[in-house]
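Letter by letter, the chains look like this.
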Amino acid sequence: MAPQYILTIDVGTSSAKTSLWAEAGRMVANAATNYDLQRAKPLWAEIDGDTWWLAVCKTIRTVLTTGGVDPASIMGIGVDGVGWTLIPVDHAGNPLYPAMIWLDRRAEQETAWLKSLPEANSLVDLNANPLDAAYITPKLIWLKKNHPHIFNSAYKFLEATGFIVSRFTGQFVCDYTQAYGYHFFDIRNEKWDQHAAQVIGVPLEKMPKLVASAEVVGTVTEKAAQQTGLKPGIPVIAGCLDAIAGALGSGVIKPGQTNEQGGQAGGVGISLDHVLVEPRLIFSHHLIPGQYLLQAGTVGGGSLGWFRDQFWRPGESAGDLIGNNPFMVFSQQANESKPGANGLIFLPYMAGERTPIWSSIARGVFFGLSYSTTRADILRAIMEGCAFAVYDNLQIAEEHGVMVEEFLGSGGATQSAVWCQIKADIYGKPFIVAKRADGGEGGHGLGLFALTAHGVGLCKDIGACVSDLLPTRQVFEPSMKNHALYQELFSVYRSVSRKLMDDFVRLDSITRSHF
C-alpha cells in the first residue's frame, strides 16, 4: 500500500507553521515562516489576511520539497489558528479589512457599550464568556461604527482558521472551538442565536456555517492547488482554535486533565464534561466530543524575552553560547536562587493581562527588590511570577468545584526542567510533559494531526490516537515544603496585584499624557 500523509497548518500570532505527517503520526517535514503584526495605534494588532495565506503557501511548498512527498499521497489537511480574530471578506473570500487578532483591544468603548446593555448578563450566559475587548463581538461593533461601508458590504465575517480554510476550499465555515469569540454563539446548542445577534446588531446572513472541527468541509480547489503545489481534491477539515489543538496534543483527552501552556500567550485548559459560566475565565468546546475546556489566558510568557533583550550580558552574546539556548542559560542561572527568589515577587503584566483581571493597562512589577537581590533572583522571580499568574486562575476554577487531576505541560517552557519543577511546586501537583517516541513533545501539530486523521477516516478515536502518539512521560513531582512556601508568597502576589489596579489606571493616564 502506498504511504499516506496528513498536512497540518498552524497560523499563529507571529508565524505560520506547516508539518507533514506520515499516517502513523511520524513527522516527516516541517517549516515555518515569520510575519509581523501591524500596530498603527497603541491598542491595535492587525495583519493582512493575504500575508497569512502567502506564508501558508510558502511553508507547504517547503515541506513538500524537503519531505520528498508526492502531493497525491496527502489524504487530508487540518488548520488551526489564533483566536478572537475578525476578518471580513467578500464573496470571493478576499479580505476587506486587516484581520484584528486576539491582541487587538481597540474596541474598549464598544465593550463598555455591550456591558451597559440590559441583556449583557444573558449574552455572557449564552456564550459562557466575558464581554471583553479582545473578543470578536466588540470588534464587529467597532467595524460597524468606524467602517460601515465595509461592514455592510462584507459577505461573511470569518476568524483566522475559517479564513485559511476558505482559501483552500472556497467554503465559509466557523468551527465550534472558534465560535466562542462571538457572544451570539449559543455554546450549549451549537448555533447562532437570532435574538442575541439582533441585540448586538449583526445580520446572521453574514455569518459562516457552524460545523464540528473534524468535519470535512470541502476539498482543495484548482486555484489553491496552483498556489500551494498541492493536488486538487484533497479533503480539508474545518479545523480549530490553536490553543485547543495544543491542549489535545499535550495529552488532554478526558475530564480533569489540564494543559498548561508555556509560551508568549500562556495559560491553562481544563477539560470538563459540562458548560461552566465564570466571566473571569474563558470557555470553549474541546475537540473530544462531549468535552469542553475551561481556559485561562496569560501574556507574561514573553518576560524572559524582555529580560534577554534588555539585560543580556555582552560576554554571553556570541561565541561562548554557540549551540546553547539563551533561555536554558537563564534556567541554569535561576536555579542558583532559592525557591521564592529570596522574597522577590514578579507580576508578569508586561502587556496587561487577560484572565482573571482582564486589564489592558496593568503593568509588570518587581515587588521586594533589595541590595541583596541577584540576577538569579530576578530570573527565578520571573519564572515564578508566570506560574503564579496561572495559579491565580486555578484558584478561581476551584471555587466552582473544578479539580485538576493531571497537569500536562506544553510549549517552549517545558524545555526548562527548572521551570517545570517550579510549576509543580507552585501548583502542588505532578507536572507532566508527555512525549512522542522520538523524545519530542506533543503540542499543536500532534493534536491537529490526530484531529485531521480522525476527520478523514484514518483513525476512529481521537483520544486513543493521541495516547498512542505520546508513549512516554517526564514527571516533575512537587515538593510540598516548597508548595507551602509558595502558598504564602502567592497570597502576597494576589494582594499586590489587586491593590495596584487603581494605581495602574492612574499611571496609564499619566503615561498617555506625557509619553
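Residues numbered from 1 in each chain as written. Predicted model: local features only at pLDDT ≥ 70, side-chain atom pairs only at ≥ 80, totals over all residues. Heavy atoms only, no water.

Q: How would you summarise unusual backbone geometry if you had to cite specific residues and measurements?
A: Geometrically, the link from Thr 355 to Pro 356 is a cis peptide bond, its omega value of -5° lying close to zero. Checked against the element boundaries, Pro 356 lands in the loop between strand E20 (345-347) and strand E21 (365-367). Notably, Trp 84 is not glycine yet its phi reads approximately 55°, a positive angle. By the element assignment, Trp 84 lies in the loop between strand E5 (74-81) and strand E6 (87-89). Backbone geometry at Trp 358 places phi at a positive 45°, although glycine is not the residue there. Note that Trp 358 resides in the loop between E20 and E21. The buried category is assigned to Trp 358, whose relative accessible area is 15%. (Helix = DSSP H or I, 4+ residues; strand = E, 2+ residues; numbered from the N terminus. Buried < 20%, exposed > 50% of the residue type's maximum accessible area, 1.4 Å probe, protein only.)

Q: Please give an account of the sheet that holds strand E23 (residues 431-435) that cites residues and values.
A: Spatially, seven strands are ordered E18-E19-E17-E16-E22-E23-E24 in an open sheet, and the strand pairing comes out mixed. Pairing within the sheet leaves two strands with one partner each, and these edge strands are strand E18 (282-285) and strand E24 (472-476). Ignoring strand direction, the axes of neighbouring strands in this sheet form an average angle of 30°. Pairing analysis gives five bridges linking E23 to E24, with the strands arranged antiparallel. Looking at E24, one finds that Ala 434 is bridged to Arg 473. Against the sheet, helix H14 (residues 417-427) makes contact with strand E16 (257-261), strand E22 (406-410), E23 and E24, and its axis sits at roughly 135° relative to E23, the strand it touches most. (Pairing = 2+ DSSP bridges. Axes fitted to C-alpha atoms, helices over the stretch in contact; angles between N-to-C directions. Contact = heavy atoms within 4.5 Å.)

Q: Tell me about helix H11 (residues 303-311), and name the residues and values.
A: By the burial criterion, the buried members of H11 are Ser 303, Leu 304, Gly 305 and Phe 307. On its buried side, H11 packs onto helix H12 (326-334), E20, helix H13 (375-399) and H14.

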